[in-house]
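# Residue-level structural notes
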Amino acid sequence: MKVLGRAITALALLTVPVLTAAPVSAGTAAAGPAAAVAPAAASARPAASAPAAPLAMDAPFRLPGRITDRNGSLSSSGRSSVQSAVDRLQSEDNLQLWVVYVDSFDGASASNWAQRTFQLSSLGSNAAILAVATVDRAFYLGANSNFRVSSSTLNSIGNGAVTSALSRGDWAGAAVAAADGIRSSAGGSSGSKSGLIWVAALIVLVVLGVVLWLRSRRRAKVAAGDGSGGVAGEQPGQPQGAPLEDYDQLSQRSVQILIDTDNAVRTSETQLQLAEQTFGAASMTDFRAAFEQARTSLAEAFRLRQQIDDDEPEDEATRRAWMAQIIDKCTAADRALDAQSQRFDELLDVRNQLPAVLSSLPAQVDQQAGRIPAATSTLQRLSQTYAPGAFSAVSTNATEAASRLELARSSLSQASAATDPTAGAVAARSAQEAVGQARTLLDAVDKLDHDLSAAAAQLPAQLAPVQAELGAARAAVARSGGGDQAGLTARLDQVQAALDAVAGPAGPGIRCSPSSGSARRTRPWTSSWRTPGRHSRTPRRRRRRWPQLWTRRRRRSPPLPTT
């Protein structure tokens with residue numbers, strides 16, 4: 001954890017007192033199961049009653065975008081932080097979080113209102129929704145029943161970090177906590193890639209399974225024929241894993257990283273107070289969320305270390321697992337705090353170089369805006385070439401990039417009009433982040449286009465060994481005989497159909513020769529080949545079998561002469 005010397009120096013110069021939000025008592029209650037959406041709903045009630053204010057009753061409606069703020073709950077920086085969290089969730093895990101803020105749920109329960117909005121917005125299986133009624137003090141976090149993160153996990157996220165943020169009135173922090181919680185539960189991913197190669201690999205596994213099954217049947221027949229009790233198989237070798245780290249060394253390392261993380265959290269608390277005093281709490285919601293999460297992870301790590309050192313003995317494998325958890329939790333907490341510390345550094349740099357930043361931002365906005373027509377054209381071409389699932393993760397990237405650039409222009413206008421350098425720095429940094437988000441969205445379109453083109457070019461080479469295995473499987477089925485030959489042939493035909501579907505425009509009509517087991521291109525099927533008659537398939541097969549039958553008849557022994 002790096003410690004900012006200039007940040008500590010600035011702390012001594014500041015005279016603004018630390019602002020803390022008044023505590024709000026929060027009660028949480030998980031919603032009952034729903035048919036379409038897995039729920040995680042909760043409500044937060046104020047500790048003291050307040051005079052009733054006019055409520056804007058919002059009926060369920062179709063969401064126009066990922067972030068819908070009908071009552072102005074989000075500041076410019078808050079919206080930017082929510083957008084960053086939502087973008088990270090989509091880019092790393094291909095999951096979407098739709099966030100909506102209203103005053104009231106129109107007298108309906110949070111779950112019913114959110115589920116109806118979910119349906120009206122036609123959200124898919126990779127989408128979750130966070131609906132917040134700021135005046136009703138109620139919210140709902142849920143997703144489709146096929147969502148990758150389970151409903152119980154969504155309940156834990158909603159009843160934990162989301163409720164904590166809402167209780168503090170941190171509307172942006174609640175959405176960031178929901179997105180980060182879902183991203184952590186989903187486990188992350190390497191990015192959007194084409195699924196064609198994975199389908200081909202799956203088909204290889206199916207074909208290999210059929211081949212292995214046929215071999216096992218053949219061995220069983222051999223064993224039954226020679227009267228042996230079975231075929232002696234080879235004993236599988238015991239794989240040797242990587243050597244374990246020395247126990248004492250692992251224990252010492254877990255203790256040292258625990259101490260370092262404790263020091264980092266203490267230092268970050270001072271730095272967070274400085275950041276909130278300098279730029280305002282609303283601009284430091286990500287920093288606050290990272291700090292709270294790091295403090296929670298640190299407490300869990302200390303609890304695990306206490307269990308390792310207590311008088312109750314555990315086996316070595318359990319203690320090693322706990323030490324690994326300590327290292328993982330502390331490492332993740334330290335990285336998150338480092339990222340927020342770097343962001344605070346960048347804000348300070350922007351404030352110190354505000355005139356230069358404001359002069360360079362318009363050109364950056366224009367540069368990314370000039371890429372939007374090309375990205376739109378690329379998406380149209382992908383929609384005409386590939387199935388929707390191949391590019392669904394980036395299908396709206398051009399539109400969302402344009403929205404980010406509009407936000408950047410708005411933030412740039414606010415920064416230019418600000419008389420306070422600190423407020424101008426916050427707005428300018430929001431504009432920089434929006435431009436960076438637009439750049440990331442447009443880069444994702446270009447990268448997916450490149451990945452799909454590369455996958456299409458590699459597809460024939462990937463399918464060739466699969467076709468060879470399929471041909472070998474057909475030959476094995478033809479030689480094996482047996483009563484289930486028709487069923488196996490039907491399965492192989494299904495695999496062939498899947499191969500043809502995967503090949504698509506790159507190679508329709510690729511079939512396997514049962515005799516050679518190699519892939520070859522055959523004449524496409526036409527209606528004339530399907531109609532019985534002179535060119536029907538049945539007479540051709542019969543003509544091929546007649547010489548074989550005739551040969552067998554010739555090999556029969558002639559009758560003995562009569563005497």
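See above for the structure.
A brief structural summary. (Residues numbered from 1 in each chain as written. Predicted model: local features only at pLDDT ≥ 70, side-chain atom pairs only at ≥ 80, totals over all residues. Heavy atoms only, no water.)

## Considerations on the pattern of salt bridges
- Summed over the entire model, instances satisfying the criterion amount to 25 salt bridges.
- The residue Arg 343 makes a salt bridge to Glu 433 at a minimum N-O spacing of 3.0 Å. Of this pair, Arg 343 sits in helix H9 (residues 316–352) while Glu 433 sits in helix H14 (residues 421–480), placing them 90 residues apart in sequence.
- Arg 409 is the salt-bridge partner of Glu 406, the closest N and O atoms lying 3.1 Å from each other. Within this pair, Glu 406 and its partner Arg 409 are both found in helix H13 (residues 397–417), separated by three residues, close to a single helical turn.
- According to the relative accessible area criterion, Arg 409 is partly exposed, its value standing at 32%. (Salt bridge = Lys/Arg side-chain N within 4 Å of Asp/Glu carboxyl O. Helix = DSSP H or I, 4+ residues; strand = E, 2+ residues; numbered from the N terminus. Buried < 20%, exposed > 50% of the residue type's maximum accessible area, 1.4 Å probe, protein only.)

## Quick look at the nonpolar core
- Formed by 58 residues in total, the largest nonpolar core has its most connected members in Phe 279, Met 284, Ile 326 and Ala 428.
- Mapped onto this core, the elements with two or more residues apiece are helix H7 (247–279), helix H8 (285–309), H9, helix H10 (354–369), helix H11 (372–385), H13 and H14.
- In terms of residues, this core owes the most to one element, H14, which gives 13 residues.
- Ignoring any residue separated from it by four or fewer positions in sequence, one finds Phe 279 in contact with Met 284, Phe 344, Leu 347, Leu 348, Arg 351, Thr 422, Ala 425 and Val 426.
- Residues Leu 89, Ala 172, Val 176 and Ala 177 belong to the second largest nonpolar core, which totals 33 residues. (Core = buried A, V, L, I, M, F, W, Y, C linked by side-chain atoms within 4.5 Å. Contact = heavy atoms within 4.5 Å.)

## Some thoughts on the packing of helix H2 (residues 76–93) against H13
- Two elements in contact, H2 and H13, have axes whose closest approach is 11 Å; the angle formed by their N-to-C orientations is 155°. Considering their axes alone, H2 and H13 lie roughly antiparallel with respect to each other. Here H2 runs over H13; the crossing is left-handed. Two secondary-structure elements touch here, H2 through Ser 76, Gln 83, Asp 87 and Gln 90 and H13 through Asn 397, Glu 400, Arg 404, Leu 407, Ser 411 and Gln 414.
- When grouped by side-chain class, the residues that make up the contact of H2 with H13 number one nonpolar, six polar and three charged. (Axes fitted to C-alpha atoms, helices over the stretch in contact; angles between N-to-C directions. Parallel < 35°, antiparallel > 145°, perpendicular 65-115°, else oblique. Left-handed = near helix turned anticlockwise from the far one by under 90°. Nonpolar A, V, L, I, M, F, W, Y, C, P; charged D, E, K, R; others polar.)

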